[in-house]
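The residues making up each chain are set out below.
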Amino acid sequence: MLTYLLTVRQPVRFILVILYVGIIMALSLLPTSDLPPIPLFRGADKIIHMTMYFFFSMVFCWALKAEMNYTRLFFIIPVTIGWGILMEAMQLEMHRGRSFSLFDMLANSIGVFAGVLIFVFLARKYST
């Protein structure tokens, strides 16, 4: 399956990145009153942040075909982390039940680095 993903055409990859960014934006900026109340354990939101940005960085690496050019990672990492910072800053400014959190930004960044590292590992393993 992973080798198939590496054959998907680049325009399709970009469309999927844009859709994923839209999902992140919606989940990050919707007022908490618009989200379903799901009882979670303490700290679960940090795991959610890491997971969202883990997949964001992997999809972005995939879209830019970073398996063919690892220098693109130096573009992907700051852009994905910057997007997480922007989402937190927008939460701070909108005053709609969402709150700014440095720990959310840290969780986002950890997810980005983990996603990039795993993408590089998988790309090396399956692109040969």
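Trainee: Please set out a nonpolar patch on the surface residue by residue, giving values where relevant.
Mentor: A grouping of Val-12, Ile-15, Leu-16 and Leu-19 is seen on the molecular surface, where their side chains present a nonpolar patch of about 350 Å² in accessible area. Inspection of the secondary structure assignment puts Val-12 in helix H2 (residues 10-29).

Trainee: Help me get a handle on the pattern of salt bridges, residues and values and all.
Mentor: Oppositely charged side chains are able to pair whenever their charged atoms sit close together. Applying the stated criterion to the full structure yields two salt bridges. The salt bridge involving Asp-45 is made with Lys-46; its shortest N-O contact spans 2.7 Å. Asp-104 is paired through a salt bridge with Lys-46; the nearest N and O atoms lie 2.7 Å apart. In this pair, Asp-104 is assigned in helix H5 (residues 102-126) and Lys-46 in helix H3 (residues 44-63), connecting sequence segments 58 residues apart. Owing to a relative accessible area of 6%, Asp-104 belongs among the buried residues under this scheme. Three or more residues are tied together by salt bridges with common partners; here these are Asp-45, Lys-46 and Asp-104.

Trainee: How would you summarise the nonpolar core if you had to cite specific residues and measurements?
Mentor: Nonpolar side chains tend toward joint burial in soluble globular proteins. Counting 27 residues, the largest nonpolar core has Tyr-53, Cys-61, Leu-73, Ile-76, Val-116 and Phe-119 as the members making the most contacts within it. Contributing elements (two or more residues each) for this core: H2, H3, helix H4 (73-94) and H5. In contact with Cys-61, not counting residues within four places along its chain, are Ala-66, Glu-67, Leu-73, Ile-76, Val-116 and Phe-119.

Trainee: Now, about unusual backbone geometry: what can you tell me, with residues and values included?
Mentor: Even without glycine at this site, Lys-65 takes up a positive phi of about 50°. Here Lys-65 is to be found in the loop between H3 and H4.

Trainee: So what's going on with H2? Which residues, and what values?
Mentor: In this model, H2 (20 residues) spans 28 Å end to end at C-alpha, consistent with the 28 Å of a helix rising 1.5 Å per residue. Every buried residue of H2 is listed here: Arg-13, Val-17, Tyr-20, Val-21, Ile-24, Ser-28 and Leu-29. Down the axis, H2 shows its buried residues gathered within 150° of arc, on one side only. Exposed and facing more than 90 degrees away from the buried side of H2 are Ile-15 and Ile-18.

Trainee: Requested: an account of the side chain of Arg-13, with residues and values cited.
Mentor: Looking at the element boundaries, Arg-13 is found in helix H2. At 2.4 Å, the side chain of Arg-13 and the backbone oxygen of Trp-62 are in polar contact.

Calculation rules
Residues numbered from 1 in each chain as written. Predicted model: local features only at pLDDT ≥ 70, side-chain atom pairs only at ≥ 80, totals over all residues. Heavy atoms only, no water. Patch = residues over 30% accessible without salt bridge, like charges linked within 9 Å, V, L, I, M, F, W, Y side chains within 5 Å. Areas by Shrake-Rupley, 256 points an atom, 1.4 Å probe, with all protein chains shown as cover. Salt bridge = Lys/Arg side-chain N within 4 Å of Asp/Glu carboxyl O. Helix = DSSP H or I, 4+ residues; strand = E, 2+ residues; numbered from the N terminus. Buried < 20%, exposed > 50% of the residue type's maximum accessible area, 1.4 Å probe, protein only. Core = buried A, V, L, I, M, F, W, Y, C linked by side-chain atoms within 4.5 Å. Contact = heavy atoms within 4.5 Å. Expected span 1.5 Å × (residues − 1). Arc of directions from axis to C-beta. Polar contact = N/O pair within 3.5 Å; in protein donor to acceptor, adjacent residues only side chain to side chain.

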